[in-house]
Amino acid sequence: MRGKRSFVWAVGCIIAIFLIGGPFILPNFWTWVVIEIMVMSLAAMSVNFLLGYAGCLSFGHSAFYAAAAYATAIMMTKTGMNQYQVLLLAPLTAAILGAVIGLLVSRLYAFYYAIMTCAFAMIVWSIIRRLPGLTGGDTGIVGIQFTGLLNGMTNIYYFTLAVIILCGLILWVIGNSPLGWSLRAIRENPDRSAFISIDVIKQRCLALVISSFFCGVAGSLHVVYSFGAFPELAFWTKSGDFVTICILGGINSFLGPIVGSVALILLETMITSVTLYWPMVLGIIICAVVFFMPEGIMGFVKKFGWEKVNEQKS
Amino acid sequence: MFFQVANLEKSFGGLKATDNVSLHIKQGDICALIGPNGAGKTTLFNLITGAIKPDAGKVIFQGEDITGKTAREITRKGIARSFQIVNVFPMLTVYENIMVAVLSQKRMGFNFFHPAKKIAREEIISHLVNIGLATQADMLAGQLSHGNQKRLEVGIALAMKPTLLALDEPTSGMSVEEKGEILETIKKLIKMTGCTVLLCEHDMNVIFEVSDYIWVLQNGRIVANGTVSDIKSNELVHRIYLGGKR
Ligand SMILES: Nc1ncnc2c1ncn2[C@@H]1O[C@H](COP(=O)(O)OP(=O)(O)OP(=O)(O)O)[C@@H](O)[C@H]1O
Ligand SMILES: [Mg+2]
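So, how was this worked out
Residues numbered from 1 in each chain as written. Chains lettered and ligands numbered in written order. Predicted model: local features only at pLDDT ≥ 70, side-chain atom pairs only at ≥ 80, totals over all residues. Heavy atoms only, no water. Salt bridge = Lys/Arg side-chain N within 4 Å of Asp/Glu carboxyl O. Helix = DSSP H or I, 4+ residues; strand = E, 2+ residues; numbered from the N terminus. Pairing = 2+ DSSP bridges. Axes fitted to C-alpha atoms, helices over the stretch in contact; angles between N-to-C directions. Contact = heavy atoms within 4.5 Å. Buried area = accessible area lost by both parts, 1.4 Å probe. Polar contact = N/O pair within 3.5 Å; in protein donor to acceptor, adjacent residues only side chain to side chain. Parallel < 35°, antiparallel > 145°, perpendicular 65-115°, else oblique. Left-handed = near helix turned anticlockwise from the far one by under 90°. Nonpolar A, V, L, I, M, F, W, Y, C, P; charged D, E, K, R; others polar. Phe/Tyr/Trp six-rings, centres within 6.5 Å; stacked < 30°, edge-to-face > 60°. Lys NZ or Arg CZ within 6 Å of the ring centre and 35° of its normal. Donors = N, O, S within 2.8 Å, 3.2 Å for Na, K, Ca; no water. Buried < 20%, exposed > 50% of the residue type's maximum accessible area, 1.4 Å probe, protein only. Near = heavy atom within 4 Å. Areas by Shrake-Rupley, 256 points an atom, 1.4 Å probe, with all protein chains shown as cover. pLDDT = per-residue confidence, 0-100. Expected span 1.5 Å × (residues − 1). Core = buried A, V, L, I, M, F, W, Y, C linked by side-chain atoms within 4.5 Å. Patch = residues over 30% accessible without salt bridge, like charges linked within 9 Å, V, L, I, M, F, W, Y side chains within 5 Å.

**Some thoughts on the pattern of salt bridges**
Residue and element names in this part refer to chain B.
For step 1, the next point in the chain: Scanning the entire structure with this criterion turns up 17 salt bridges over all chains.
For step 2, the next point in the chain: For E9, the salt bridge goes to K16, with nearest N and O atoms at 3.2 Å.
For step 3, the next point in the chain: Close ionic contact of K161 with E123 constitutes a salt bridge, the shortest N to O distance being 3.5 Å. On the criterion of sequence distance, the pair formed by K161 in the loop between α5 (146–159) and β7 (164–168) and E123 in helix α4 (residues 121–130) is long-range, its members being 38 residues apart.
For step 4, the next point in the chain: One salt-bridge network, held together by shared partners, links E9, K16, D19 and R221.

**Quick word on the sheet that holds strand β9 (residues 213–218) of chain B**
All names here are of chain B.
For step 1, the next point in the chain: Strand order in the open sheet made by the six strands is β6-β7-β8-β3-β9-β10, with mixed pairing throughout. Edge positions in the open sheet fall to β6 (79–82) and β10 (221–226), since each of these has one partner strand only. Going across the sheet, the axis of each strand differs from the next one's by a mean of 20°, ignoring polarity.
For step 2, the next point in the chain: Bridge count for strand β3 (residues 30–34) against β9 is four bridges, and the pairing is parallel. From the neighbouring strand, A32 faces β9, where its bridge partner is I214.

**Here we look at the interface of chain B and chain A**
For step 1, the next point in the chain: Opposite the 35 residues of chain B that make contact, chain A presents 24 residues.
For step 2, the next point in the chain: With both chains or domains summed, chain B and chain A bury close to 2400 Å², and 66% of this area falls on carbon and sulfur atoms.
For step 3, the next point in the chain: Three residues, R72, F89 and F110 of chain B, lead the burial of chain B against chain A; their summed loss comes to 26% of the area buried on that side.
For step 4, the next point in the chain: Seen at the junction of chain B and chain A, the total is two salt bridges.
For step 5, the next point in the chain: Linking chain B with chain A are 14 residue pairs in polar contact (both at pLDDT 80 or more), by the criterion used here.
For step 6, the next point in the chain: Those elements that place two or more of their residues in the side of chain B that touches chain A are α2 (71–76), α3 (94–105) and α5 of chain B.

**What to know about the packing of helix α8 (residues 178–188) of chain A against α3 of chain B**
For step 1, the next point in the chain: Between α8 of chain A and α3 of chain B, the shortest axis-to-axis distance is 10 Å and the interhelical angle comes to 120°. When the axes of α8 of chain A and α3 of chain B are compared, the pair comes out oblique. The handedness of the crossing between α8 of chain A and α3 of chain B comes out as left-handed. Every residue of α3 of chain B that contacts α8 of chain A at P178, W181 and A185 of chain A is listed here: E96, M99, V100 and L103 of chain B.
For step 2, the next point in the chain: Its residues assigned to classes, the contact of α8 of chain A with α3 of chain B shows six nonpolar, no polar and one charged.

**Focus on the packing of aromatic side chains**
We describe a pair of aromatic rings using the distance from one ring centre to the other and the angle between the two ring planes.
For step 1, the next point in the chain: Overall, the coordinates contain 17 aromatic pairs over all chains when judged by the stated rule.
For step 2, the next point in the chain: One aromatic cluster in this structure is built from F24, Y157 and Y158 of chain A.
For step 3, the next point in the chain: In this structure, R204 of chain A is placed above the aromatic ring of Y109 of chain A, and the distance from its NZ or CZ to the ring centre is 3.9 Å.
For step 4, the next point in the chain: Sitting over the face of the ring of F195 of chain A, R81 of chain B holds its NZ or CZ atom 5.5 Å from the ring centroid.

**Details of the coordination of the magnesium ion (ligand 2)**
Residues and elements named next belong to chain B.
For step 1, the next point in the chain: Donor atoms from the polypeptide that bind the magnesium ion (ligand 2) are T42 (OG1) and Q84 (OE1), placed at 1.9 to 2.1 Å. Remark: Q84 occurs in the loop between β6 and α3 and T42 occurs in helix α1 (residues 41–49); sequence separation between them is 42 residues.
For step 2, the next point in the chain: Overall, the relative accessible area of 27% leaves Q84 in the partly exposed class.

**Overview of the site of ligand 1**
All names here are of chain B.
For step 1, the next point in the chain: Around ligand 1, 13 residues are found, and the nearest of them are N37, K41, T42, T43 and Q84.
For step 2, the next point in the chain: One nitrogen or oxygen atom from the side chain of N37 is found 2.8 Å from an oxygen atom belonging to ligand 1.
For step 3, the next point in the chain: Here an oxygen atom of ligand 1 and a side-chain polar atom of T42 are 2.7 Å apart.
For step 4, the next point in the chain: Taken by itself ligand 1 offers 640 Å² of open surface, and the protein chains cover 60% of this.
For step 5, the next point in the chain: For the shell around ligand 1, the elements supplying multiple residues, two or more each, are β2 (15–25) and α1.
For step 6, the next point in the chain: Here the shell around ligand 1 takes three residues from α1, the largest share from any one element.
For step 7, the next point in the chain: Residue composition of the shell around ligand 1, grouped by class: four nonpolar, seven polar and two charged.

**With respect to the confidence of the model for chain A**
For step 1, the next point in the chain: Across chain A, the average pLDDT comes to 91, with 96% of residues at 70 or higher.
For step 2, the next point in the chain: Confidence, read as mean pLDDT per element, is least for helix α14 (residues 296–313) of chain A in chain A (70) and greatest for α8 of chain A (97).

**Digging into the side chain of T244 of chain A**
For step 1, the next point in the chain: By the element assignment, T244 of chain A lies in helix α11 (residues 236–249).
For step 2, the next point in the chain: A relative accessible area of 17% means that T244 of chain A is categorised as buried.

**Considerations on α11 of chain A**
Residue and element names in this part refer to chain A.
For step 1, the next point in the chain: In this model α11 runs 20 Å from its N-terminal to its C-terminal C-alpha over 14 residues, within 8% of the 20 Å that 1.5 Å per residue would give.
For step 2, the next point in the chain: By the burial criterion, the buried members of α11 are K238, S239, G240, F242, V243, T244, I245, C246, L248 and G249.
For step 3, the next point in the chain: Just downstream of α11, G250 is the residue with a positive phi angle, here 115°.

**Section: the sheet that holds strand β1 (residues 3–12) of chain B**
All names here are of chain B.
For step 1, the next point in the chain: Read from one edge of the open sheet, four strands run β2-β1-β4-β5, paired in antiparallel fashion. Either end of the sheet is taken by a strand with one partner, and the two such strands are β2 and β5 (64–65).
For step 2, the next point in the chain: Contacts from α1 reach β1 and β2, with the element oriented near 115° to β1.

**Focus on the nonpolar core**
For step 1, the next point in the chain: Among the nonpolar cores identified, the biggest contains 146 residues, and I98, L152 and I214 of chain B are the most heavily contacted of them.
For step 2, the next point in the chain: Ranked by residue count, the leading element in this core is helix α2 (residues 28–54) of chain A, at 17 residues.
For step 3, the next point in the chain: Setting aside residues up to four positions removed in sequence, I214 of chain B forms contacts with A32, I34, I207, F208, A224, N225, G226, V228 and I231 of chain B.
For step 4, the next point in the chain: Counting 25 residues, the second largest nonpolar core, distinct from the first, contains L8, V21, V59 and F61 of chain B.

**Considerations on the pairing of β2 of chain B**
Residues and elements named next belong to chain B.
For step 1, the next point in the chain: Pairing between β1 and β2: seven bridges, direction antiparallel. Considered in β2, the bridge of F3 is made with I25.
For step 2, the next point in the chain: Where β1 hands over to β2, the hairpin turn is made up of two residues, of which G13 adopts a positive phi near 60°.

**Some thoughts on a nonpolar patch on the surface**
For step 1, the next point in the chain: A cluster of nonpolar side chains, namely I14, I17, F18, F24 and I25 of chain A, defines an oily patch on the protein surface of about 560 Å² accessible area.
For step 2, the next point in the chain: Among the secondary structure elements, F24 of chain A is positioned in helix α1 (residues 2–25).

Okay, structure coming up:
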């Protein structure tokens, strides 16, 4: 027990030092990779908020990600708004879209939920492509420059880090609140939940709104580090990436989506530099994970980490 | 009248599972609903608690028409139920099963910032002690023995602090000893909380021991009703339900 705790502390400290030192320790290329990982982590955490607590598998989060990204890009280029105001308002666009979609899908379960959310993402994707005047059509909106605290790699890095930590804490608090536990009850047994007076549909809808808001924060950050918004962000395969990360990291773990993002993006970055067959390699890795680690990397670590520690103790 | 059902009807395809049922319950009574398998007892429970909607008729609780309301609304008004077939939250611990009910009872379902595990600990633990599951608090509900899952079933209903508690065969599938124990627990809890009870149960000894009033259901109809002595001496009940056994 004590051995495990100090091990976790040690790992935590090393990671913290790396994160704090980030741009000063890492080469530029890897700093950008870490920024990408952080943004991906937040998007995946938002998906896992819905999947892990409420048991709702969404393939529509690319819509929220893109909605906020485009809202950011459009407000930055077409209005004279302050960049911080933009970054606060843009995720709300995603949340509003989440509320609209939530009203329509919150009665659905499992497969039907996944398909319907996916369908809405496709609608958003096609709308984005059909409105070139507003969204830049197939090319998207490029060359967005932020200033001050959001200008330059080092600033972007620390801004992203701060936002991700803040959002992670908020999601953690919500997950452990009565709302979070009601969602778990609904995940476990929606029928019985109604008999303890839980408003199942409203709660599932609210879960989607919260989730879409934080996915929107990630979408806005995407614009900050990539200087643009592109239609691919809305394509359903982007949602697929988020879900893949959750499964890879472990959906029953709060840190799962972060671990999954680190694993996926590191693998992708390293493998694409040696071979063009990244999607194939990814496919094989996912098969292996699902096969050998049904609870994802975190599930695997928890299970074997625990057993190892307990063996040592006795 | 505290609780009343009037001319309730429900058909499944051609089958009249509930056929013009009228019954009433006095406040503070333990009221039994008996009848052979397939008589329509669970269907009646489902109609009363909002699991399904009646084709016709009325359900009136504390002077208010609650016919056709949702399960959530009816539970909020004070009717909680347990299920004949175990219906708990299997991957949550026993503590968490009671916790989600208590939080909902306190209308905290939309509170998103308090740490849930720090809320109402004493109350939850006292519920666990009451139903005899305090030592299993950290076990997953799905890993409990069948008997203990049935206890939890009742515990979740009681955590809603009901004024009318509807227990659908709380002892089904239990061994004789387990049955005796859970019935003692239930009797104790009914006395403690003072709630009115609608109890469905196959064991006639139990029924005769605890009931204040009995309703007999057969083929979806109420065929007899009365106090324990009325029912004990009712020839029709003997023929259709007790099969002559005394
Ligand atoms: N959802 C349903 N669809 C179709 N038929 C149903 C449904 N629910 C119940 N029934 C039928 O209604 C009749 C009454 O069933 P019910 O479960 O209410 O009986 P019960 O008195 O609770 O029996 P038991 O003592 O076995 O629990 C049965 O014939 C059953 O097959
Ligand atoms: Mg039944």
